[in-house]
Amino acid sequence: MSVIGIDFGTTFCSASWVNPKTGFPEAITFPYAVDTCKIPSIVFFPPQGEAVVGYAPYMQIENAATSSDREAIKRHVITSIKRKMRRGGSFQGHSHVEIISLILKHVIEEAQKACQFDSPIDKVVLTHPVVFDEWQKNMLIDAASLVGFSSDKVTLLEEPVSAALSYIKSNQLNDIKGVLVYDFGGGTFDVAYVQIDHHGKLLLPIDPQGDPVCGGNDIDILLYDQWDKMANQKYGRQLNSNPQEVDEPFLSRCRKQKELISVGGGQRQRFSEILPPINGHGFEHLVWDIREDEYNQIISPIIDRTMTKTQIVLDAIRGKKLPIDVVLLIGGSSRIPQVKQRLGELLGNVSLIKTPGLIDTAVAVGASYYAMGDTIGIGSSSQVCSCVYCDREICTTHRFCMYCGKENPLFK
Amino acid sequence: MTKDDIINKTQDLLNTASDYFSKINGCTQYLPEIEKLRRKLWQPCVLAVGGKVKAGKSSFINALLGKQLAKVGELETTATINVFRHISFADVGYTEEKPVKVVWNNGFETWEDTSFMDSLQGNDDATLKKAEGISHLEFFLDDEKGLLKELTFVDTPGTDAVVGSDGQAHQHVTDRFFRLRQKHSEETNNKMDEADAVIYLVGAVAGANQKQFLTDFQNTTAGASALNALGVLSKVDIDENLLSRRHEQAEYVANSLKDVLYTVIPISAGMNEAIANNKVRYPALQQWLKKMPKAAFDIFMRADSYYFTENANYLNVMYQDSDQLPPSIEERRSMKGDIQWSLFRAISRELYYSDDVESAMVNLYDIANIEAVRKTINDRFFKRSKIIRCNRILKDLQKIVLRIKRSVFVELRSNRADYEAWRSIISMGESDFTKNSADSLRRFINLQLPSLDAIDKLESEFLEHLILPLEELQQEIDGIDREFQLLSTLQSRRNMWSENDYEELCQVLGLYGIREMHSMYDDAVERQSYWQSKAVRLRDRRDQAIAEYAVDCYEELIKDLKR
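Residues numbered from 1 in each chain as written. Chains lettered and ligands numbered in written order. Predicted model: local features only at pLDDT ≥ 70, side-chain atom pairs only at ≥ 80, totals over all residues. Heavy atoms only, no water.

Let's talk about the overall build of chain B
- Scanning chain B from terminus to terminus reveals 23 helices and 9 strands.
- The buried share among the 563 residues of chain B stands at 50%.
- Pairs at least 24 apart in sequence give 76% of the contacts found in chain B among residues at least 6 apart.
- As displayed, chain B has an accessible area near 27000 Å², and 51% of this comes from carbon and sulfur atoms. (Helix = DSSP H or I, 4+ residues; strand = E, 2+ residues; numbered from the N terminus. Buried < 20%, exposed > 50% of the residue type's maximum accessible area, 1.4 Å probe, protein only. Contact = heavy atoms within 4.5 Å. Areas by Shrake-Rupley, 256 points an atom, 1.4 Å probe, with all protein chains shown as cover.)

Structural notes on the interface of chain A and chain B
- Each partner contributes to the interface: chain A provides 55 residues, whereas chain B provides 40 residues.
- Of the roughly 4100 Å² buried at the junction of chain A and chain B (both faces included), carbon and sulfur atoms supply 44%.
- Broken down residue by residue, the surface that chain A buries against chain B is led by Arg75, Glu134 and Gln244 of chain A, which jointly contribute 18%.
- For lysine 405 of chain B, the salt bridge is made with glutamate 134 of chain A, and the minimal N-O distance between the two is 3.4 Å. (Buried area = accessible area lost by both parts, 1.4 Å probe. Salt bridge = Lys/Arg side-chain N within 4 Å of Asp/Glu carboxyl O.)

Comments concerning the side chain of aspartate 207 of chain A
- The topology assignment puts aspartate 207 of chain A in the loop between strand E14 (202-203) and strand E15 (209-211).
- Separated by 2.6 Å, the side chains of aspartate 207 of chain A and arginine 403 of chain B make a polar contact.
- Here the side chain of aspartate 207 of chain A touches arginine 406 of chain B through a polar contact of 2.9 Å, side chain to side chain.
- With residues near it in sequence (within four places) discarded, aspartate 207 of chain A still touches Val313 of chain A together with Arg403 and Arg406 of chain B. (Polar contact = N/O pair within 3.5 Å; in protein donor to acceptor, adjacent residues only side chain to side chain.)

What about the pattern of salt bridges?
- A full pass over the atoms with the stated rule returns 52 salt bridges over all chains.
- A salt bridge links aspartate 396 of chain B to lysine 40 of chain B; the nearest nitrogen and oxygen atoms lie 3.6 Å apart. Taken together, the positions of aspartate 396 of chain B in helix H18 (residues 370-428) and lysine 40 of chain B in helix H2 (residues 31-41) put the pair 356 residues apart, joining distant regions of the chain.
- Overall, the relative accessible area of 21% leaves lysine 40 of chain B in the partly exposed class.
- For the salt bridge of arginine 245 of chain B with glutamate 248 of chain B, the shortest nitrogen-to-oxygen distance reads 3.0 Å. Note that arginine 245 of chain B and glutamate 248 of chain B are positioned in helix H9 (residues 240-256) at a spacing of 3 residues, about one turn of the helix.
- Connected via shared salt-bridge partners are Glu71 and Glu245 of chain A together with Asp501, Lys534 and Arg537 of chain B.

Points about the side chain of lysine 137 of chain A
- Tracing the chain through its elements places lysine 137 of chain A in helix H5 (residues 134-147).
- Apart from residues no more than four positions distant in its own chain, lysine 137 of chain A is found in contact with His128, Phe132 and Leu156 of chain A together with Lys405 of chain B.

Observations concerning the sheet that holds strand E7 (residues 197-203) of chain B
Residues and elements named next belong to chain B.
- Sheet architecture is open: 9 strands sit in the order E4-E3-E5-E2-E6-E1-E7-E8-E9, paired in mixed fashion. Single-partner strands in this sheet number two, and they are strand E4 (109-112) and strand E9 (264-266). Adjacent strand axes in the sheet meet at a mean angle of 25 degrees when their direction is disregarded. (Pairing = 2+ DSSP bridges. Axes fitted to C-alpha atoms, helices over the stretch in contact; angles between N-to-C directions.)

Description of the sheet that holds strand E6 (residues 52-53) of chain A
All names here are of chain A.
- Within the open sheet, the 3 strands sit side by side as E6-E5-E7. Their pairing is antiparallel. Single-partner strands in this sheet number two, and they are E6 and strand E7 (77-78).
- Pairing between strand E5 (residues 43-44) and E7: 2 bridges, direction antiparallel. Bridging across to E7, valine 43 finds its partner in isoleucine 78.

Observations concerning the packing of aromatic side chains
All names here are of chain B.
- Counting across every chain of the model gives 29 aromatic pairs over all chains.
- Taken together, a centroid distance of 5.9 Å and an interplanar angle of 80 degrees make the contact between tyrosine 262 and phenylalanine 381 edge-to-face. Residue tyrosine 262 is found in the loop between H9 and E9, and its partner phenylalanine 381 is found in helix H18; the two are separated by 119 residues along the sequence.
- For tyrosine 262, a relative accessible area of 28% gives the class partly exposed.
- Aromatic side chains phenylalanine 300 and tyrosine 307 sit 5.8 Å apart centroid to centroid with 70 degrees between the ring planes, which places their arrangement in the edge-to-face category.
- Its relative accessible area of 0% is what places phenylalanine 300 among the buried residues. (Phe/Tyr/Trp six-rings, centres within 6.5 Å; stacked < 30°, edge-to-face > 60°.)

Side note on the nonpolar core
- Counting residues in each nonpolar core, the largest one holds 64 residues, and the members touching the most others are Ile4 and Ile6 of chain A together with Leu490 of chain B.
- Sorting elements by how many residues they give to this core places helix H23 (residues 541-562) of chain B first, with 9 residues.
- Once residues within four sequence positions are removed from consideration, isoleucine 4 of chain A is found in contact with Ala15, Ser16, Ile28, Ile108, Ala111, Ile121, Lys123, Val124 and Val125 of chain A.
- The next biggest cluster of nonpolar side chains, apart from the first, holds 58 residues, and it includes Ala204, Ala254, Leu257 and Tyr307 of chain B. (Core = buried A, V, L, I, M, F, W, Y, C linked by side-chain atoms within 4.5 Å.)

Notes on the pairing of E4 of chain B
Residues and elements named next belong to chain B.
- When strand E3 (residues 100-104) meets E4, the two strands line up antiparallel, connected through 4 bridges. Residue pairing in the sheet places valine 103 in a bridge with glutamate 109 of E4.
- Taken together, E3 and the strand that follows it, E4, pair antiparallel across an intervening segment of 4 residues, in which glycine 107 is found at a positive phi of about 90 degrees.

Observations concerning the environment of alanine 346 of chain B
Residues and elements named next belong to chain B.
- Structurally, the position occupied by alanine 346 is in helix H16 (residues 341-353).
- A relative accessible area of 4% means that alanine 346 is categorised as buried.
- A sequence separation of 67 residues divides alanine 346 from lysine 279, and the C-alpha atoms of the two residues are 14 Å apart.
- Once residues within four sequence positions are removed from consideration, alanine 346 is found in contact with Leu243, Met271 and Leu364.

So, the domain arrangement of chain B
Residues and elements named next belong to chain B.
- Once the domains are mapped, chain B shows domain 1 (30-271) and domain 2 (273-368).
- Counting residues at the interface gives 15 residues for domain 1 and 15 residues for domain 2.
- Between domain 1 and domain 2, a total of about 1200 Å² is buried, with carbon and sulfur atoms accounting for 50% of that surface.
- The largest per-residue losses of area from domain 1 upon contact with domain 2 belong to Asp237, Glu240 and Met271, which jointly make up 53% of the total buried on that side.
- At the junction of domain 1 with domain 2, the criterion picks out 3 salt bridges. (Domains from an automatic or database assignment.)

Description of helix H3 (residues 57-65) of chain B
- For H3 of chain B, the set of buried residues is Lys57, Phe60, Ile61, Ala63, Leu64 and Leu65 of chain B.
- Just beyond H3 of chain B, the residue with positive phi is glycine 66 of chain B, at close to 100 degrees.

As for the packing of helix H11 (residues 282-290) of chain B against H16 of chain B
All names here are of chain B.
- Two numbers describe how H11 lies on H16: the axes approach to 9 Å, and their chain directions differ by 75 degrees. As judged from the angle between their axes, H11 and H16 are roughly perpendicular. Residues Tyr282, Leu285, Gln286, Leu289 and Lys290 of H11 form the contact with H16, whose participating residues are Phe344, Ile347, Ser348, Leu351 and Tyr352. (Parallel < 35°, antiparallel > 145°, perpendicular 65-115°, else oblique.)

Some thoughts on helix H21 (residues 499-508) of chain B
- All of the buried residues in H21 of chain B are Asp501, Tyr502, Glu504, Leu505, Cys506 and Val508 of chain B.
- Just downstream of H21 of chain B lies glycine 510 of chain B, where phi reads positive at about 75 degrees.

Looking at unusual backbone geometry
Residue and element names in this part refer to chain A.
- Its identity as a non-glycine residue notwithstanding, glutamine 92 has a phi of 45 degrees, on the positive side.
- By the secondary structure assignment, glutamine 92 is in the loop between strand E8 (90-91) and strand E9 (94-95).
- Phi at glutamine 172 is positive, roughly 50 degrees, even though this residue is not glycine.
- Relative to the helices and strands, glutamine 172 is located in the loop between helix H6 (159-170) and strand E12 (178-184).

Observations concerning a nonpolar patch on the surface
- Residues Val388, Tyr389 and Leu410 of chain A make up a contiguous nonpolar surface patch of roughly 300 Å² in combined accessible area.
- Residue classification places leucine 410 of chain A among the partly exposed positions, given a relative accessible area of 39%. (Patch = residues over 30% accessible without salt bridge, like charges linked within 9 Å, V, L, I, M, F, W, Y side chains within 5 Å.)

Thoughts on the pairing of strand E11 (residues 154-158) of chain A
All names here are of chain A.
- As defined by bridge partners, strand E10 (residues 121-128) adjoins E11 across 5 bridges and the pair is classed as parallel. Bridging across to E11, histidine 128 finds its partner in glutamate 158.
- Chirality of the crossover, the property in question, places the unit of E10, H5 and E11 among those that are right-handed. (Right-handed = clockwise from strand over helix to strand, strands pointing away.)

Digging into the packing of helix H4 (residues 96-114) of chain A against H5 of chain A
Residue and element names in this part refer to chain A.
- As a packed pair, H4 and H5 sit with axes 8 Å apart at the nearest point and diverge in direction by 55 degrees. With respect to each other, H4 and H5 are oriented oblique. Handedness of the H4/H5 crossing: right-handed. In contact with His96, Val97, Glu98, Ile100, Ser101, Leu104, Lys105 and Ile108 of H4, H5 contributes Met139, Leu140, Asp142, Ala143, Ala144, Leu146 and Val147.
- For the contact of H4 with H5, the residue count by class is 10 nonpolar, 2 polar and 3 charged. (Left-handed = near helix turned anticlockwise from the far one by under 90°. Nonpolar A, V, L, I, M, F, W, Y, C, P; charged D, E, K, R; others polar.)

Some details on the environment of leucine 511 of chain B
Residue and element names in this part refer to chain B.
- Within the secondary structure layout, leucine 511 lies in the loop between H21 and helix H22 (524-537).
- By relative accessible area, which is 1% here, leucine 511 ends up buried.
- Ignoring sequence-local partners within four residues, the contact set of leucine 511 consists of Ala226, Leu227, Lys258, Asp259, Tyr262, Arg380, Leu487, Gln491 and Cys506.

Take a look at the structure:
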């Protein structure tokens, strides 16, 4: 019996399995041109033939020679189904449940290619945002059943719980009582607090906060706007002839720049770009020497929004006097150096902030851990044991023997 | 599901919620919040009226709401926003001596008497300065059977009543209230003191043409949105030409301002009042008028100077082909009574040319047209407002329910798990001697802590009877709310869109009333892929959301086509 954990994301999916060689959960690396743990959550419905999922349509769009080629594909591509899903909704005649199932199926097939499962995959753990409604969860279950998993073979798990579980278990940290999960992805932002109670259960005692339209993509647009402004100053032109729309190849350059700045740790960088041709203007050359403070200022409107939401959760945690042992940064956009710095200011303590080694896959890996056991600590929470000093029966949840008062070495 | 169903179902859900909450340990603390939501559900809608000072606002308001207001109207001031509401138990502090609540800008509230109101009369600098510190005045009326029970009415100072040395005082105050629903998109659950419907009043002037009406409305409706605004062209009885072409004129203005005003309704408050006061006299009046030869009647109706002519030669010529004698000047005076000439003329014409009083009355009510205003406010704005409010209430309820699901049930289980641990301790201390107390301790704990099975059962009931129906209802009305919000966004960013895109989106989003999607059936597939590829190119997330909605709408349309 094998289990697969899937983080069904708005822009990308990732997955995990329990490696039979080690017995530990791992993120699955998919063998594409570049090794990656992510599969784009997009589905292409060609006018003829079967639906195509993931990198095939994704690369087609990225590499399209002309904008009209790109248009032609995009007319039949659905992206961000996780955000768009509606009960009874459909896209070009394909129900939303069907679209989700196509994505899940593709992820599972690719996982089977990438990993040597020693038995057929017969269980799936799917993660979802805390704020998902029951009908949304039911749609996930329905989608999984279209792939062939009956509802008793599907387990749903909240994303922040999964991330916290993954961090705690992979680092074998059994004394953590509270985790703040800051999840800043490509399109969305979520912040939640996970509490570990004395039974080792992971709970969500605070209302999570989120912004469904605040993510890395919005930062790309801010950089794009800046280039647009510079192009206007220097050449009296815009990047796109229609100011309401973006020039997609150039936007994708902006994404690369953002990633380079994050990797470079926020140091001064020089970007040299060729502007796309628009009516009356050729391929002008534009250079941007971007300083750290300038970059931080440009992107701060988006970062501010995440900080405001985080502050709300922090206030609630403090109001209930709950502990914060760790602040987990997950999601690709949390790599931005400013995030860590601003969060440190907010918390008054930078040392709490941890970025798990697998920033993009913490949620997926947690799903496999969950399949192995849903509590922190070992086994059932209320085992009866004997006091090693006076031999009377006590519980493993008691730190001290209630008869002789001595420490209980079997305390969990 | 009809709009009334939605409101009733929301009420039902709130009831179910409080039933459960009083049953489950640890939930009772949420009961006051449910009570608050219940009150919110039945709060009256807010109607605001704006317009020029001489547009005949007070007579229109009296016609719309009944006479109660006029009485308090004497206290009314011109420099503040005045709110009229039905008095309820919640209004602690109301006394007959001090019947007016003053809400100051800093949120402070005081109850004042008539002498305070007197000090707010006038338009001098000192008065305006005082008024500037006031957010609004609230007048309380006991209107158990009247319209005020259903709506709270906001009267704003006229848009052209700018006075005082700085000249800005009035405009400033009015602007504040007329920002209205722009905040809607921010989804802040702020108090419902913004108007659900706004009426912009423009008074007709004799001899004015449609261009002038349009300019008047344009000047009055700055910042308005067809989402909640309605134009009213008042005093349509003022000249005969306008009276006969009033619907046409109103339609012209409505078409020219269709994203600012939902529609424009021509009314005559004076006619409304005249009917109410004098309709018993109409049969007699008709009889008397019908005795006039047509030529004579037409001349009488030209103007009041003709009607009241005492020139015997004129009268003789008018009656030369008739066997009737001209009515005496006294007779004519008493028949007209003290109503305005333009109204008397309109009434007389209808009576003269109609076969009976009833059919004349139909036409007269059509001139008054107050009922149409009432109906539009109710059908178009208030019902939708109520639904949107239901959505807010349901969202709040959902938050509470989820909090319970996440904390209360978890706590119950955790406590029970603790008990399982204690049980072994209880049995450990148990001997023949302590058996009774151990039993009673177990009984006590069992009573306090439901068993795991009982908690499971409670939770699945909670899910089935509360969470699922809640989500279902929310889905049902989310669409309406979403449409409303997208429209607000679309209008606030209209300069971003090309003329064609904007037109199409307004139609798709149902701004112009009932969605006229039939005309779009033909190229629905083409339009869908247009918006599909447009959505990803758009720079702003708000624009994207609108384009994505258009894709969804066309998807539904295509589905319809296939059926």
